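Topology and contacts: notes
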Amino acid sequence: MAFTVKTLEFLDENYVRNDRQWFKDNKKRYDSDVISPFVQLLERLAPVMEKMDSELVCSPRCIARLYRDARRIKGGAIFKDTLWCSVKKKKTSAYDCVAEFYFYVSTRGFGYGCGYYITPTDVMQQLRSAAINGDKLFKNAKRAFEKQNRFYLSGEMYKKNHFPDQKADILDWINRRSICLCYDSCDAQELFDPGLYDRVAQDFESIAPVYKLFSQMEKRAHEQTQKPHNVK
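This one's a predicted model, so the numbers in the text were calculated from it and none came from an experiment.

Let us look at the packing of aromatic side chains. Think of a pair of aromatic rings as described by two things: how far the centres are apart, and how the planes are tilted against each other in angle. Summed over the entire model, instances satisfying the criterion amount to 23 aromatic pairs. Centroid distance Phe3 to Tyr197: 6.2 Å. Interplanar angle 85°. Geometry classified as edge-to-face. Placement of Phe3 in the segment before α1 (5-17) and of Tyr197 in helix α8 (residues 196-206) is noted, with a sequence separation of 194 residues between them. Taken individually, Phe3 and Tyr197 each receive the classification buried, so the pair is uniform in this respect.

Written as structure tokens, this is what we have:
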């Protein structure tokens, strides 16, 4: 079952009503019109994710809750008007903040991508080093990004160029505090297209080298923290 106008209608009505009892009474609508399309998307993505990284968790458990954090409600909206799923590795003692593949639907549009909401500082440091030193992992990621025309680079930029001596073609990667590849659309017909799931899977496959770059930078950052300090 693809996403339909009923998906957006439920998200909008539920958000406007802001009523737990209404949500409970309409739980079947929520499951069929909102959750079911997400589950089927994840089923389509599962083999792609497995091929990319066997540690990626791609299951219905990846779907977020529509309820807001109770600690932040304080008389405001109980529900979000956006629902998303996030495919990433399980949190481990090795590295807790990891790159993720995400897909979201809201009353204003939809989108998907790969990266971080907030990139750990040490991971960004490793990425900058890889870019400046011409690391093969970075070159492969950059080449894959430039071959596609779906995603754009996102993430907080420095207000000033911190690397005036570096090549212009890597500045958009290294002059950031955080990094993510994003695609956003306000086209409802694109969301409702039965071929959307295949398109998302193909788009994620196209940027596999970027995910590999992020994953390896996490590993390097972790290894750096494990190095013993010199004791005088």
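You can see Lys142 is positioned in helix α5 (residues 136-147). On the accessibility criterion, Lys142 (11% relative accessible area) is buried. Spatially, the C-alpha atoms of Lys142 and Ala131 are 9.1 Å apart, while their sequence positions differ by eleven residues. Apart from the residues within four sequence positions on either side, Lys142 is in contact with Asp169, Ile170 and Trp173.

On to the pattern of salt bridges. Summed over all chains, the structure comprises 14 salt bridges. Between Arg108 and Asp81 there is a salt bridge whose closest N-O contact spans 2.5 Å. Here Asp81 lies in the loop between β1 (56-57) and β2 (82-89) and Arg108 lies in the loop between β3 (100-106) and β4 (109-115), a separation of 27 residues in the sequence. The exposure class assigned to Arg108 is exposed, which follows from its relative accessible area of 53%. Looking at Asp81, the relative accessible area reads 12%, which means it is buried. The partner of Lys142 in a salt bridge is Asp169, and the shortest N-O contact between them spans 3.2 Å.

Residues Met49 and Phe103 are the most contacted members of the largest nonpolar core, which totals 71 residues. Per-element accounting of this core gives the leading share, eleven residues, to helix α3 (residues 27-52). Those residues in contact with Phe103 that lie beyond four places of it in its chain are Phe3, Phe38, Leu41, Leu83, Trp84, Cys85, Phe110, Gly111, Tyr112, Leu191, Leu196 and Val200.

Among the six residues of strand β6 (residues 180-185), five are classified as buried, and the element is accordingly described as predominantly covered. Across six bridges, the pairing between β4 and β6 is antiparallel. Each residue of the ladder has a partner; that of Cys114, found in β6, is Leu181. In this structure, strand β5 (residues 152-154) lies alongside β6, joined through three bridges in antiparallel fashion. Considered in β6, the bridge of Tyr152 is made with Cys182.

Let us now look at the sheet that holds β2. Taken in spatial order, the six strands make up an open sheet running β1-β2-β3-β4-β6-β5, and their pairing is antiparallel. Strands with a single pairing partner mark the edges of an open sheet, and in this sheet they are β1 and β5. By the bridge criterion, six bridges tie β2 to β3 in an arrangement that is antiparallel. Bridge pairing links Leu83 to Val105 in β3. Sheet strands in contact with α3 are β1, β2 and β3, and its direction is about 25° off that of β2.

One way to put it is that α3 packs onto α8 with a least axis distance of 10 Å and a crossing angle of 25°. In terms of their interaxial angle, α3 and α8 are classed as roughly parallel. The chirality of how α3 crosses α8 is right-handed. Residues Pro37, Gln40, Leu41, Arg44, Leu45, Val48, Met49 and Met52 of α3 form the contact with α8, whose participating residues are Tyr197, Asp198, Val200, Ala201, Phe204 and Glu205. For the contact of α3 with α8, the residue count by class is ten nonpolar, one polar and three charged.

Procedures and definitions
Residues numbered from 1 in each chain as written. Predicted model: local features only at pLDDT ≥ 70, side-chain atom pairs only at ≥ 80, totals over all residues. Heavy atoms only, no water. Phe/Tyr/Trp six-rings, centres within 6.5 Å; stacked < 30°, edge-to-face > 60°. Helix = DSSP H or I, 4+ residues; strand = E, 2+ residues; numbered from the N terminus. Buried < 20%, exposed > 50% of the residue type's maximum accessible area, 1.4 Å probe, protein only. Contact = heavy atoms within 4.5 Å. Salt bridge = Lys/Arg side-chain N within 4 Å of Asp/Glu carboxyl O. Core = buried A, V, L, I, M, F, W, Y, C linked by side-chain atoms within 4.5 Å. Pairing = 2+ DSSP bridges. Axes fitted to C-alpha atoms, helices over the stretch in contact; angles between N-to-C directions. Parallel < 35°, antiparallel > 145°, perpendicular 65-115°, else oblique. Left-handed = near helix turned anticlockwise from the far one by under 90°. Nonpolar A, V, L, I, M, F, W, Y, C, P; charged D, E, K, R; others polar.

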